[in-house]
Amino acid sequence: MKISEDFSLGTLMTFELSRKKPVHGWFWYKEGYAPEIVKRAIANDTKKIVDPFCGVGTTLLAAKENRIDSAGVDASPLAVFASKVKTDDYSGKDMELVKKFLAKDTRLEESGGWEFELFDPRAAFPKRNYNQILGLRRAIENEEPRVRNLLLLALLSILPQASIVLKDGGVLKIRKDKRALPAKEIFKRKVKRMIRDLENAPKGHVPDVYLGDARALDIEGDSADLVVTSPPYLNNIDYSKVYGLELSLLEMSRAKAEEARMRAIRSFVGRNMKVGEMPPEVGALGEQIPIIGTYFRDMEQAIAEMHRILKNGKEAHIVVSNSVIHQTHVLVDEIFAEMAKRIGFSGIRIVVGAERIADVKPQKVKTRESIVILRK
Ligand SMILES: C[S@@+](CC[C@H](N)C(=O)[O-])C[C@H]1O[C@@H](n2cnc3c(N)ncnc32)[C@H](O)[C@@H]1O
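Reading guide: rules and limits
- Residues numbered from 1 in each chain as written.
- Predicted model: local features only at pLDDT ≥ 70, side-chain atom pairs only at ≥ 80, totals over all residues.
- Heavy atoms only, no water.
- Helix = DSSP H or I, 4+ residues; strand = E, 2+ residues; numbered from the N terminus.
- Expected span 1.5 Å × (residues − 1).
- Buried < 20%, exposed > 50% of the residue type's maximum accessible area, 1.4 Å probe, protein only.
- Arc of directions from axis to C-beta.
- Core = buried A, V, L, I, M, F, W, Y, C linked by side-chain atoms within 4.5 Å.
- Domains from an automatic or database assignment.
- Contact = heavy atoms within 4.5 Å.
- Near = heavy atom within 4 Å.
- Polar contact = N/O pair within 3.5 Å; in protein donor to acceptor, adjacent residues only side chain to side chain.
- Areas by Shrake-Rupley, 256 points an atom, 1.4 Å probe, with all protein chains shown as cover.
- Nonpolar A, V, L, I, M, F, W, Y, C, P; charged D, E, K, R; others polar.
- Salt bridge = Lys/Arg side-chain N within 4 Å of Asp/Glu carboxyl O.
- 1 Å grid on protein atoms, 1.4 Å probe; cavity = no way out; pocket = protein on both sides within 12 Å on 5 of 7 lines; lining within 4 Å.
- Points joined across faces, edges and corners; volume = space filled by probe spheres on them.

Draft legend 1. Representation of helix α5 (residues 92-103). Across its twelve residues, α5 extends 17 Å between first and last C-alpha, which sits within 8% of the 16 Å expected from 1.5 Å per residue. Of all the positions in α5, only Asp-94, Met-95, Val-98, Phe-101 and Leu-102 are classed as buried. Here the buried residues of α5 occupy an arc of 120° about the axis, which is enough to place them on one side. Turned more than 90 degrees from where α5 packs its buried face, Gly-92, Lys-93, Lys-100 and Ala-103 sit exposed.

Draft legend 2. Expanded view of the nonpolar core. Residues Trp-114, Phe-125, Ile-133 and Phe-187 are the most contacted members of the largest nonpolar core, which totals 56 residues. Elements with a contribution of two residues or more to this core: α4 (77-87), α5, α6 (127-140), α7 (145-157), α8 (159-162), α9 (183-199) and α11 (244-251). It is α7 that contributes the most residues to this core, eight residues altogether. Looking at this core, you find at least three residues from each of domain 1 (2-76 + 211-232 + 274-375) and domain 2 (92-199). Setting aside chain neighbours within four positions, we find Phe-187 in contact with Phe-101, Leu-102, Leu-136, Ile-140, Leu-151, Ala-154, Leu-155 and Ile-158. Within the second largest apolar cluster, 41 residues are counted, among which are Ile-291, Ile-292, Ile-325 and Val-332.

Draft legend 3. Spotlight on the site of the ligand. Taken together, 23 residues lie around the ligand, and Tyr-29, Thr-58, Asp-74, Ala-214 and Ile-265 are the ones closest in. In the environment of the ligand, a nitrogen atom lies 3.1 Å from a nitrogen or oxygen atom belonging to the backbone of Ala-75. Contact distances for the ligand include 2.9 Å between a nitrogen atom and a backbone N or O atom of Arg-263. Contact with the protein chains hides 96% of the accessible area of the ligand, taken as 610 Å² for the molecule alone. For the shell around the ligand, the per-class residue count stands at twelve nonpolar, seven polar and four charged.

Draft legend 4. Inspection of the domain arrangement of the protein at higher detail. If you check the domain split of the protein, you get domain 1 (2-76 + 211-232 + 274-375) and domain 2 (92-199). Every contact between the two is made by eight residues of domain 1 and, on the other side, nine residues of domain 2. Between the two partners, domain 1 and domain 2, sit zero salt bridges. Connecting domain 1 to domain 2 are five residue pairs in polar contact (both at pLDDT 80 or more). Across the side of domain 1 that touches domain 2, the residue classes break down as four nonpolar, one polar and three charged.

Draft legend 5. Spatial organisation of the layout of surface pockets. Size it by volume and the second largest pocket reaches roughly 610 Å³. Contributions of two or more residues to the lining of the second largest pocket are made by α1 (16-20), α8 and α9. Of the residues that constitute the lining of the second largest pocket, the class distribution is eight nonpolar, three polar and ten charged. A domain-level breakdown of the lining of the second largest pocket finds at least three residues from each of domain 1 (2-76 + 211-232 + 274-375) and domain 2 (92-199).

Draft legend 6. Just helix α15 (residues 332-343), in detail. Helix length check: α15, at twelve residues, gives a terminal C-alpha distance of 16 Å against a target of 16 Å (1.5 Å per residue), a fit within 8%. All buried positions along α15 are accounted for by Val-332, Asp-333, Glu-334, Ile-335, Phe-336, Ala-337, Met-339 and Ala-340. Of the residues trailing α15, Gly-344 is marked for its positive phi of about 125°.

Laid out in structure tokens, this is it:
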């Protein structure tokens, strides 16, 4: 296993650069990376790219921008929705209908029915914003599918700014002193940005995106030329909660969050931990700290699926962060590399893109983010 450093990758491993890019920045997703990560991995003969943890579709949109077919899977309906909307093709007529919706003076009043498992969504917004959001949610539903999707993603994307909620690490905090921006205005601004972005967006190569599980992909074996992905990090964060407000407004259902949680890689505590079936590379760590065992067990299956769907000689690029969990420094990249070797990958390289200091009181630990590159 070869380990090298390329710190020019550091800024590409966060969502920061994507935020300002056309279409990429439509929905803030802290866990995302920049499309340059994908562009660097594309070879001259790449015809199909797969991302089994597609998040908000960075890999898929980068594939489309490079006129390459792609497929993406995610356990979260919110991520799948955002990916689909960002990578779809829109017609001139769709754009006209979106503009017409903005020009309409839609009556916005509370229509009820928004349930969120952690708290009453009313507590998350000033009353006026709450009513506007629910009113828009209802009005959007009457539009044609593509128009509805664009408007709904715009609405979901403004929830953090329109609310008094802070996403603080893995938890949502209601902060009475936070300024909530006026919902209707920022919604309109967002839709206008989307219209502008779509004027120059490429068409064709619309990816195949579906709700599923990276541990059991519904994708043919030996069919992909490249996998570029980043799985959930071993950080104890349950994203079905962090993005729970957005997910519950999308689905207008409480049950969907629980379903997404059950499908997710076990990178957070609190659900069916079965020790005893963990990969040998994890060693005693997995026995001592069950979440480490279950995480690598799940990721072993996901890496085996990447191996199955790739054509011979083709690569998987996995963006990952090492973790400090329960005071224990876990070299996630090296364990992935060792598991991948056993699964049958070769030419294994780890490229370290960034080093970070994890402040795990009382100590500070130097940890890193890297890309694990595997060849079938
Ligand atoms: C680090 S994020 C990926 C971000 C993506 N690279 C982007 O730029 O948007 C990891 C994603 O894995 C998804 N996920 C978790 N468990 C999964 C599973 N078993 N199968 C598929 N996706 C899963 C999460 O919902 C999350 O969107």
